[in-house]
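# Examining the three-dimensional arrangement
The residues making up each chain are set out below.
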Amino acid sequence: MNCKLAQQNMLNYLDGTIDKSIINAFEEHVGSCSSCRDELQLLKPIYKQVEGDLGEYAPNPYFAAKVLAKLTEKREKPTTIFTQKSYILAVSLAAAAVAVGLFVGIQFVSSGSSLAQPEIATILANDYSNFSDSNPYNFEVEEVDTSLNK
Amino acid sequence: MDDKDLVGRVIESNDHKAFAQLVERYQKMVVTTCRGFVQSYADAEDLAQDVFIELFESLPGFRNESKLSTWIYRIAVNKSLNFVRRRKREVLLNNLYFWNKDSNSLALGQAVSPEGEQAMLDAERSKQLKLAINKLAENQRVALILSRYQELSYKEIAEVMGVSVSSVESLLFRAKENLRKMLLKGKNI
Ligand SMILES: [Zn+2]
């Protein structure tokens, strides 16, 4: 086996999907090629972290209850889903509010207010982002597409 | 009761208990799939809740043509991709307007609070891996996550993604080549 083929099969080797017929050749190559061996040793702990991530999973016993509560809540108070355009508008408004907040903050700070700039910015940003909850504008709603094929 | 019976009960009599059983049955599958796309289980669980809400609403359209798990995977993948796209947009806008302290943590969600050196190392590796996976083209990313986090076969991945088995093979080949290169970038090898 050459280096190129060994490299192409490194992640397959680590996740166990390597073609059985080439395992021996792969291990032989890595055993005798220090550059491929180094590469494999670098990749192994990071790529194998998937198992670590999965191992951390602890099922939330209240999960189903939370879903049902959310369903009931949604049925009582139907919510809307913003279009991309209106979403960006809302975020831009919030961001603009922060910019204003920053400016006002600087004025406050320079005039001796005890409030730090980020706090004022956050308060103003929160005020503005509340708009997206009460939806004062008639944003159009869109259905969520459940198919991968568009 | 099998999936078909439970689905029938949900559709015919809006049976929330039957639906709760379905949720419990597929909870782990959905949460760990979403975890493949996002950096924390907190985000994955929030996403998974939305997946099940959408499942509930879309069940009348499910006609047992495919397996229920395939249907659920599709919703989970779509929700996750939308979530990541939205996060990317948020980061973009934040970078335009905010003082940019730590955009990575915004992009990836919060890592689990690590206890001890090993946990810190694991969290760092987990973040590094997720960063690289999120740089893959979407269809390569989906194929890789379904293969790696769910250990689905090529055929099952093909069904979820609505592509041929040979497409899945080539997507996974390219995903792994790109991922390998990204993980080795800057490692002086
Ligand atoms: Zn070599």
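Residues numbered from 1 in each chain as written. Chains lettered and ligands numbered in written order. Predicted model: local features only at pLDDT ≥ 70, side-chain atom pairs only at ≥ 80, totals over all residues. Heavy atoms only, no water.

### Side note on the overall build of chain B
Put simply, the test is: Only runs of H or I of at least four residues qualify as helices and only runs of E of at least two qualify as strands under DSSP, and these elements are numbered from the N terminus. Exposure classes here rest on a 1.4 Å probe applied to the protein chains alone. A residue is buried below 20% of its type maximum, exposed above 50%, and partly exposed in between. Any two residues having at least one pair of non-hydrogen atoms within 4.5 Å are treated as being in contact. In short, Shrake-Rupley with a 1.4 Å probe defines the accessible areas, and a residue's cover is counted only from the protein chains shown.
The helix and strand tally for chain B stands at nine helices and zero strands. Along the chain direction, N to C, the helices and strands of chain B fall in the order α-α-α-α-α-α-α-α-α. Counting the 189 residues in chain B, one finds 52% classified as buried. Within chain B, contacts between residues at least 6 apart in sequence are counted, and of these 59% link residues at least 24 apart. Carbon and sulfur atoms form 48% of the exposed surface of chain B, whose accessible area is close to 9,200 Å².

### Regarding the overall build of chain A
For chain A, the helix and strand inventory stands at nine helices and zero strands. Reading chain A from its N end, one meets helices and strands in the order α-α-α-α-α-α-α-α-α. Every one of the 150 residues in chain A was classed for burial, and the buried ones make up 27%. Taking all contacts inside chain A whose residues are at least 6 apart in sequence as the whole, residues at least 24 apart take part in 60%. Summing over all exposed atoms, chain A offers an accessible surface of approximately 9,300 Å²; the carbon and sulfur share of this is 56%.

### So, the interface of chain B and chain A
Note the following rule: We define buried area as the total accessible area lost by two parts upon association, computed with a 1.4 Å probe and summed across both. The rule for a salt bridge is simple: a side-chain nitrogen of Lys or Arg has to be within 4 Å of a carboxyl oxygen of Asp or Glu.
Counting residues at the interface gives 56 residues for chain B and 51 residues for chain A. Each partner contributes to the roughly 5,200 Å² buried at the junction of chain B and chain A, and carbon and sulfur atoms together form 66% of this total. Of all residues in chain B, B:Gln49, B:Arg148 and B:Arg180 give up the largest surface area on contact with chain A, accounting jointly for 14% of the area buried on that side. Summed over the shared surface of chain B and chain A, the result is six salt bridges. The residue B:Lys176 makes a salt bridge to A:Asp15 at a minimum N-O spacing of 2.8 Å.

### Points about the coordination of the zinc ion
Note on metal geometry: ideal angles are 109.5 degrees for four donors arranged tetrahedrally and 90 or 180 degrees for six donors arranged octahedrally. Residue and element names in this part refer to chain A. Under the convention used in this document: Each metal's donors are the N, O and S atoms found within 2.8 Å of it, except that Na, K and Ca use a 3.2 Å limit; water is left out, so coordination can look incomplete. Four donors are marked tetrahedral only if all angles between them lie between 85 and 135 degrees, whereas four are marked square planar and six octahedral if opposite donors are more than 155 degrees apart and the other angles lie between 65 and 115; the remainder are marked irregular.
Those donors, Cys 3 (SG), His 29 (NE2), Cys 33 (SG) and Cys 36 (SG), are the protein atoms that reach the zinc ion, and they lie 2.1 to 2.3 Å from it. Coordination at the zinc ion is tetrahedral: its four donor atoms span angles of 99 to 114° at the metal. The sequence motif formed by the donor residues of the zinc ion is C-x25-H-x3-C-x2-C. In this pair, Cys 3 is assigned in helix H1 (residues 3-8) and Cys 33 in the loop between helix H3 (23-32) and helix H4 (34-47), connecting sequence segments 30 residues apart. Residue classification places Cys 3 among the partly exposed residues on the basis of a relative accessible area of 32%.

### Things to note about the packing of helix H2 (residues 16-37) of chain B against helix H6 (residues 116-135) of chain B
Residue and element names in this part refer to chain B. Which entries qualify depends on this criterion: Here an axis means a line fitted to C-alpha atoms, over the contact stretch when the element is a helix, while the angle between two N-to-C directions is reported on a 0 to 180 degree scale. Working rule for angles: under 35 degrees goes down as roughly parallel, over 145 as roughly antiparallel, 65 to 115 as roughly perpendicular, anything else as oblique. The nonpolar class holds Ala, Val, Leu, Ile, Met, Phe, Trp, Tyr, Cys and Pro. Asp, Glu, Lys and Arg form the charged class, and all remaining residues, Gly among them, are polar.
Here H2 crosses H6 at 80°, and the two axes come no closer than 8 Å. Viewed along their axes, H2 and H6 adopt a mutual orientation that is roughly perpendicular. Of the residues in H6, those in contact with Arg 35, Gly 36 and Phe 37 of H2 are Ser 126, Lys 130, Ile 133 and Asn 134. Across the contact of H2 with H6, the residue classes break down as two nonpolar, three polar and two charged.

### Brief notes about the environment of A:Leu68
Relative to the elements of secondary structure, A:Leu68 occurs in helix H6 (residues 63-76). Along the primary structure A:Leu68 and A:Asp15 are separated by 53 residues, whereas in three dimensions their C-alpha atoms are 37 Å apart. Residue contacts for A:Leu68: discarding those within four places in its chain leaves B:His16, B:Phe19 and B:Ala20.

### Examining the packing of aromatic side chains
Threshold: Centres within 6.5 Å make a pair out of two Phe, Tyr or Trp rings, where for Trp the six-membered ring is used; the pair is then stacked when the planes are under 30 degrees apart, edge-to-face when over 60, and tilted otherwise. Only when the NZ atom of a Lys or the CZ atom of an Arg is both within 6 Å of the ring centre and within 35 degrees of the ring normal do we say a charge sits over the ring.
Within the structure shown, the criterion is met by five aromatic pairs over all chains. It is B:Arg35 that lies over the ring of B:Tyr41; its NZ or CZ is 5.1 Å from the centre. Geometry around A:Tyr47 places B:Arg148 over its ring, the cationic atom sitting 4.3 Å from the centre.

### Concerning H4(A)
Side chains of residues three or four places apart in an α-helix project in the same direction, reflecting 3.6 residues per turn. Residues and elements named next belong to chain A. Note the threshold: In this analysis, the expected span of each helix is defined as 1.5 Å times one less than the number of residues it contains. In this description, the arc belongs to the directions extending from the helix axis to the C-beta atoms.
Given a rise of 1.5 Å per residue, 14 residues ought to cover 20 Å, and the 20 Å separating the end C-alpha atoms of H4 matches this to within 8%. Looking only at H4, the buried set comprises Cys 36, Glu 39, Leu 40, Leu 43, Ile 46 and Tyr 47. For H4, the angular spread of the buried residues around the axis is 135°, confining them to a single face.

### Examining the environment of B:Arg87
Residue and element names in this part refer to chain B. Quick reminder of the rule: Two N or O atoms form a polar contact when they lie within 3.5 Å of each other; inside protein one atom must be a possible hydrogen donor and the other a possible acceptor, and for residues adjacent in sequence the pair counts only when both atoms belong to side chains.
Residue placement: Arg 87 occurs in helix H4 (residues 68-97). A C-alpha to C-alpha distance of 11 Å links Arg 87 and Asn 134, two positions 47 residues apart in sequence. Looking at Arg 87, its side chain comes within polar contact range of the side chain of Asp 43, at 3.3 Å.

### So, H3(A)
Residues and elements named next belong to chain A. Regarding H3, the residues found buried are Phe 26, His 29 and Val 30. Along H3, the residues classed as buried sweep out an arc of 95° about the axis, all on the same side. Of the exposed residues in H3, those oriented more than 90 degrees away from the buried face are Asn 24, Glu 28, Gly 31 and Ser 32. Check the buried side of H3 and you find it contacts H1, helix H2 (10-15) and H4.

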